[in-house]
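Take a look at the letters that make up each chain.
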Amino acid sequence: MNDSSPVLPWLVIRQDDNGNCYRVGRYATEGEAQQIADTLDVRGHKQLYWVERIGGTTVH
């Protein structure tokens, strides 16, 4: 990674019905990541979405 690369430390993670987890995307701010997670969550599917900071703790 070079100095001109964007810093995207916030992840949105999805857990499916079988317990498998997938990274949905990386975001610059916690607020941006939470907005994406909330948008996906209200779609009414059984998947679970949460925000996590790379190298940090999970934020549910």
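Refer to the structure printed above.
The structure presented is a predicted model; accordingly, all values stated were derived computationally and were not measured. (Residues numbered from 1 in each chain as written. Predicted model: local features only at pLDDT ≥ 70, side-chain atom pairs only at ≥ 80, totals over all residues. Heavy atoms only, no water.)

Q: Describe the overall build of the protein chain, naming the residues involved and giving the relevant values.
A: Looking only at helices and strands, one finds one helix and four strands in the protein chain. Residue burial in the protein chain is summarised as follows: out of 60 residues, 25% are buried. Residue pairs at least 24 apart in sequence account for 40% of intrachain contacts in the protein chain once pairs closer than 6 positions are excluded. Approximately 4400 Å² of the protein chain is accessible, and the part contributed by carbon and sulfur atoms is 46%. (Helix = DSSP H or I, 4+ residues; strand = E, 2+ residues; numbered from the N terminus. Buried < 20%, exposed > 50% of the residue type's maximum accessible area, 1.4 Å probe, protein only. Contact = heavy atoms within 4.5 Å. Areas by Shrake-Rupley, 256 points an atom, 1.4 Å probe, with all protein chains shown as cover.)

Q: Before we move on, could you go through the pairing of strand β2 (residues 21-27) and cite the residues and values that matter?
A: Sheet topology places strand β1 (residues 10-15) next to β2; six bridges connect them, and they run antiparallel. Looking across to β2, one finds that Q15 is bridged to C21. Here β1 folds back onto β2 in antiparallel fashion, the turn holding five residues, of which G19 has a positive phi close to 90°. (Pairing = 2+ DSSP bridges.)

Q: I'd like a description of the environment of C21, backed by residues and values.
A: Within the fold, C21 resides in strand β2. When the C-alpha atoms of C21 and Q47 are compared, they prove to be 9.7 Å apart, with 26 residues separating the residues in sequence.

Q: Explain helix α1 (residues 30-41) to me, and be specific about the residues and the numbers.
A: Given 3.6 residues per turn, any residue in an α-helix points the same way as the ones three and four places further on. Here α1 contains twelve residues, and its C-alpha end-to-end distance of 16 Å stays within 8% of the 16 Å for a straight helix at 1.5 Å per residue. Inspection of α1 places A33, A37 and L40 among the buried residues, and these make up the whole buried set. Considered in projection along α1, the buried side chains sweep an arc of 65° and stay on one side of the axis. (Expected span 1.5 Å × (residues − 1). Arc of directions from axis to C-beta.)

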